[in-house]
Amino acid sequence: MATQHEHHAGHGGHEAQGRGHSGHDHAAMIADFRRRFWAALVLTVPILALSPMIQAFLGLEALAFAGDAYVLLALSSVVFFYGGWPFLRGLMSELGKRQPGMMTLISLAISVAYFYSAAVVLGVAGKVFFWELATLIDVMLLGHWIEMRSVMGASGALEKLVKLMPAEAHRVTDDGTEDVPVTELKRGDRVLVKPGEKIPIDGTVVEGRTSVNQAMLTGESQPVEKGEGDDVIGGAVNGESSVTVEVHKTGDETYLSQVIDMVRKAQESRSRTQDLANRAAFWLTMIALGVGFATLAVWLLLGREFQFALARMVTVMVIACPHALGLAVPLVVAVSTSLSARHGLLIRDRSAFERSRGLEAVVFDKTGTLTEGRFGVSDIIRLGDQDEDELLALAAALEGSSEHPIAAGIVDKAKEKALALERPKAFKSIPGKGAQAQVGGRNIKVVSPGYLKENDLAVDHDRVRQVADEGKTVVYVLIDDQPAGAIALADIIREESREALQRLKTMGVQVMMLTGDAEAVARWVAKELELDDYFAEVLPDQKADKIKEVKQRGLRVAMVGDGVNDAPALVEADVGIAIGAGTDVAIESADIVLVRSDPRDVAAIVELARATYGKMIQNLWWAAGYNIVAIPLAAGVLYSVGVLLSPAMGAVLMSVSTVIVAINAKLLERTTLSSEPQGAAA
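Since the structure is predicted, the reported quantities are computational estimates derived from the model, not experimental observations.

**Student:** Before we go on, may I ask you to explain the packing of helix α17 (residues 388-399) against helix α18 (residues 405-416) in this structure?
**Tutor:** Here α17 crosses α18 at 125°, and the two axes come no closer than 8 Å. By the angle between their axes, α17 is oblique relative to α18. Here α17 runs over α18; the crossing is left-handed. Along its contact with α17, which presents Leu 392, Ala 395, Ala 396 and Glu 399, the element α18 presents Ala 407, Ile 410, Val 411, Lys 413 and Ala 414. Residues belonging to the contact of α17 with α18 are distributed by class as follows: 7 nonpolar, no polar and 2 charged.

Have a look at this one:
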């Protein structure tokens, strides 16, 4: 159903974001539909009680009184102009775009019912349709309210991006440092970045050495060593040492600003997809108009009086907009959205969710999606007499005093193996190279290959070369300044990834990987997971281009990611899926969010989307089936054999159709849960 949400903000969350709408705007529109629905529903009660057809049907003729027709007209006028206003406004919007759809059909039905009924009250011979008018507006308001609530998504992607930048920086002056807003920084200024702080702006390190975690920006899983002369990106997190950075880029020149711009452009250029009910409404509008006027003309040509012919036309127009069509899609949407939310699949854009059923390729970000985004020990290589557990215990004892991600990986492995660790003494960090301490009376160092090279310590070992070729990070354990072992660490592949990819392949979906990591790392992960294709060393501003490249192969593509650098690619893809543990901006740029950070839920999305689409088609056929029967009968096709569909009988058929649609939508929950997708359960 084309909602007022769509008419004002574009379909789904993306156009809304591109146009600067906020979650507050959507909430206000939902509240507006809710107010109009309750007001119309309250007024519908006396309208039903005063309607002659309802009185005759229920035997309530005693409720009639002199002048009741005028009271009925007054109450119905309020319902028409207040409750029906969103649809009348939608009619003007659709006609302005020359795209008649559900709003046109609803407006046509309520307008014909209202003005014809008003004319009857004021003297024209005929029957009033006020109760049909009121109940139609009630149900359509309810349907739109349900739909908007289920698909509402906040539009804060760009705001979330901006928040990644610190608001203040420590600018270095002749007298020390001063805290200033980042916006005041100019090219050539120098800023001090303390351990654990975000780098405030793009620049070059001019003093100090540290490691920088820029995974959220570039997708690189491991911290990157930075020293004098190295460029750093604003928004990256500084590691263990203070550094001084000279500002090179400001304002729109910065990397993060360029990412913001890419997200904005991608959102604004995204095409709008009209849903099934809206397309059905377009054709139903054409049919209703055609049959309605044809009915009027044919009866007049057959010599019947104008009032009879007009009544037939009005009946066709009113019946042509069944309540069932108004609820056919929203009810399925409400059930599937509720069902998916209970299973950790948050749908932010319904049209994208519908497209998920036809996915032909899924491109996964590596870090934090297919992998855990943290270092884990993959290999322990002996270079001396110590066994693997002893090497690990010595390294973990030393690294227990460090907060470096590599240190955390080593300590976690030692805990996993339940190794006893001695308390280190005289711990000292070797900036950018590692750490050292006294452990069990021996001088222990855990250092990078760069440290060995600087100190002319040579290690020639086949397994060390092999793990390095696989892109793994290698650190060396030195005992009394002699290499005793090497520990290889890699971004840990999620156990769930293997099952997720297998399930997608079974459904005929190609699986691919996109990463900013090195070719060697990507090749190793791709081999481990048996991927159909992968893209390595992809710069952040190239990720959206890679998605375009896959789309140019003729494939409908989903992108699954969690970092800032994934945001443009998430928007570029036919379906953007964010891992819930990722950054806010990735979530805000996505169509669907996986709360549990479980890649198996990507397969669950495709399965649920296919089941949901099936229910939508079934419901639309039920709603259309009502029209196939009701419109010809309302037009009087079988009048010659004494069959003429009265508005009362039309109402009965309408009610049956609506009940069937509601029950069928509810069965979606039962159908999906009876074959619960693995990994989809909360």
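**Student:** Whenever I open this one, the nonpolar core confuses me. Can you help?
**Tutor:** Burial of nonpolar side chains together is a common tendency in soluble globular proteins. If you look at the biggest cluster of nonpolar residues, it comprises 47 residues, and the most contacted ones within it are Ile 47, Ile 110, Phe 130 and Leu 133. Elements that contribute at least two residues to this core include exactly α3 (23-50), α4 (52-58), α5 (68-83), α6 (85-96), α7 (102-121), α8 (130-151), α12 (276-301) and α13 (306-319). The element contributing the most residues to this core is α7, with 12 residues. Sequence-distant contacts of Leu 133, that is, excluding residues within four places in its chain, are made with Ser 76, Phe 80, Ile 110, Ala 113 and Tyr 114. Grouped together as the second largest cluster of nonpolar side chains are 37 residues, Val 509, Val 525, Ala 536 and Ile 577 included.

**Student:** What is the right way to read the sheet that holds strand β6 (residues 224-226) from this model?
**Tutor:** Within the open sheet, the 3 strands sit side by side as β6-β5-β8. Their pairing is antiparallel. With partners counted over all chains shown, the strands left at the sheet margins are β6 and β8 (237-238), one partner each. In this structure, strand β5 (residues 210-213) lies alongside β8, joined through 2 bridges in antiparallel fashion. Opposite Val 212, over in β8, you have Asn 238 as the bridge partner.

**Student:** What should I look at first to understand the UniProt feature "transmembrane region" (unreviewed entry) in the protein in this one?
**Tutor:** What UniProt calls "transmembrane region" (unreviewed entry) maps, in this numbering, to residues 37-58, 70-88, 100-122, 128-146, 280-302, 314-341, 620-642 and 648-668. Taken end to end, residues 37-58 has its terminal C-alpha atoms 25 Å apart, with 95% of it in helix and 0% in strand. Along residues 70-88 one finds 95% helix and 0% strand; the C-alpha atoms at either end are 23 Å apart.

**Student:** What exactly am I supposed to notice about the confidence of the model for the protein here?
**Tutor:** A residue-level look at the protein finds 82% of positions with pLDDT of 70 or above and a mean pLDDT of 79. Under a pLDDT of 50 for its full length, residues 1-24 has, in the predicted model, 91 contacts with residues more than four places off or in other chains. Within the model, pLDDT remains below 50 along residues 673-682, and this stretch shows 25 contacts once partners closer than five positions in the same chain are excluded.

**Student:** Please explain the packing of helix α21 (residues 495-506) against helix α26 (residues 600-635) as it appears in this structure.
**Tutor:** A packed helix pair is summarised by two numbers, namely the angle formed by the two axes and the spacing between the axes. Two elements in contact, α21 and α26, have axes separated by 7 Å at closest approach and are oriented at 25°. Relative to α26, the element α21 is oriented roughly parallel. Mapping the contact onto sequence places Glu 496, Glu 499, Ala 500, Arg 503 and Leu 504 in α21 and Arg 600, Val 602, Ala 603, Ala 604, Val 606 and Glu 607 in α26. For the contact of α21 with α26, the per-class residue count stands at 6 nonpolar, no polar and 5 charged.

**Student:** I'm lost on the environment of Tyr 476 in this one. Help?
**Tutor:** Position of Tyr 476 relative to the elements: it lies in strand β16 (residues 473-479). Residue classification places Tyr 476 among the buried residues on the basis of a relative accessible area of 7%. Along the sequence, Tyr 476 and Leu 452 sit 24 residues apart, while their C-alpha atoms lie 8.4 Å from each other. If near-sequence neighbours (up to four positions away) are discounted, Tyr 476 is found in contact with Leu 383, Lys 445, Val 446, Val 447, Ser 448, Pro 449, Leu 452, Val 459, Val 464, Gly 485 and Ala 486.

**Student:** Is there a simple way to think about the side chain of Thr 612 in this case?
**Tutor:** When you line up the elements, Thr 612 lands in helix α26. By relative accessible area, which is 2% here, Thr 612 ends up buried. Leaving out residues up to four positions away in the same chain, Thr 612 has contacts with Val 332, Ser 336, Phe 353 and Leu 668.

**Student:** I tried to follow the sheet that holds strand β14 (residues 434-439) on my own but got confused; where do I start?
**Tutor:** Think of a sheet as strands paired side by side through backbone hydrogen bonds, with each pair either parallel or antiparallel. Pairing is antiparallel across the open sheet formed by 6 strands, whose spatial order is β12-β17-β16-β15-β14-β13. Edge strands, defined here as strands with exactly one partner in the open sheet, are β12 (371-382) and β13 (425-430). For this sheet the average axis-to-axis angle between neighbouring strands, irrespective of direction, equals 20°. Across 4 bridges, strand β15 (residues 442-447) lies against β16 in antiparallel orientation.

**Student:** Just checking my understanding: could you explain unusual backbone geometry for this structure?
**Tutor:** In most cases, non-glycine residues show a negative phi, while peptide bonds are predominantly trans. Positive phi values are uncommon outside glycine, yet Asp 456 reaches one of about 50°. When you line up the elements, Asp 456 lands in the loop between α19 (449-454) and α20 (462-469). Asp 456 sits in the exposed class, given a relative accessible area of 70%. Although it is not a glycine, Glu 537 sits at a positive phi angle of roughly 50°. With respect to the secondary-structure elements, Glu 537 resides in the loop between β19 (533-535) and α23 (543-551).

Rules used in this analysis
Along each chain, residue indices are assigned from 1 in the same order as the chain's sequence is written. With pLDDT at 70 or above as the cut-off, local features in this predicted model cover only qualifying residues; side-chain atom pairs require 80 or more to be listed or tallied, and sums for whole chains, interfaces and linings still use all residues. Only hydrogens and water are removed before side-chain values are computed, so all heavy atoms of the structure are retained for them. In this description, a line fitted to the C-alpha atoms serves as the axis of each element, helices being fitted only across the stretch in contact, and the angle between N-to-C directions of two axes falls anywhere from 0 to 180 degrees. Going along the chain from the N terminus, every DSSP run of H or I of four or more residues is numbered as a helix, and every run of E of two or more is numbered as a strand. Any angle from 65 to 115 degrees is called roughly perpendicular, while one under 35 is roughly parallel, one over 145 is roughly antiparallel, and all others are oblique. In this scheme the handedness of a crossing depends on how the near helix is turned from the far one: anticlockwise by less than a right angle means left-handed, clockwise means right-handed. Between two residues, a contact is recorded if the distance between any of their heavy atoms is within 4.5 Å. Ten residue types, Ala, Val, Leu, Ile, Met, Phe, Trp, Tyr, Cys and Pro, are classed as nonpolar, four, Asp, Glu, Lys and Arg, as charged, and the remainder, Gly among them, as polar. Here the nonpolar core consists of buried residues drawn from Ala, Val, Leu, Ile, Met, Phe, Trp, Tyr and Cys, with membership extended through side-chain atoms lying within 4.5 Å. A simple rule labels every residue: compare its accessible area, found with a 1.4 Å probe on the protein chains alone, to the largest value its type can have, and call it buried under 20%, exposed over 50%, or partly exposed in between. By this definition, two strands are paired if DSSP reports at least two bridges between them. UniProt positions are given in the numbering used here, feature names are shortened, and annotations may be inferred rather than shown by experiment. Note on scores: pLDDT gives the predictor's confidence for each residue, bounded by 0 and 100.

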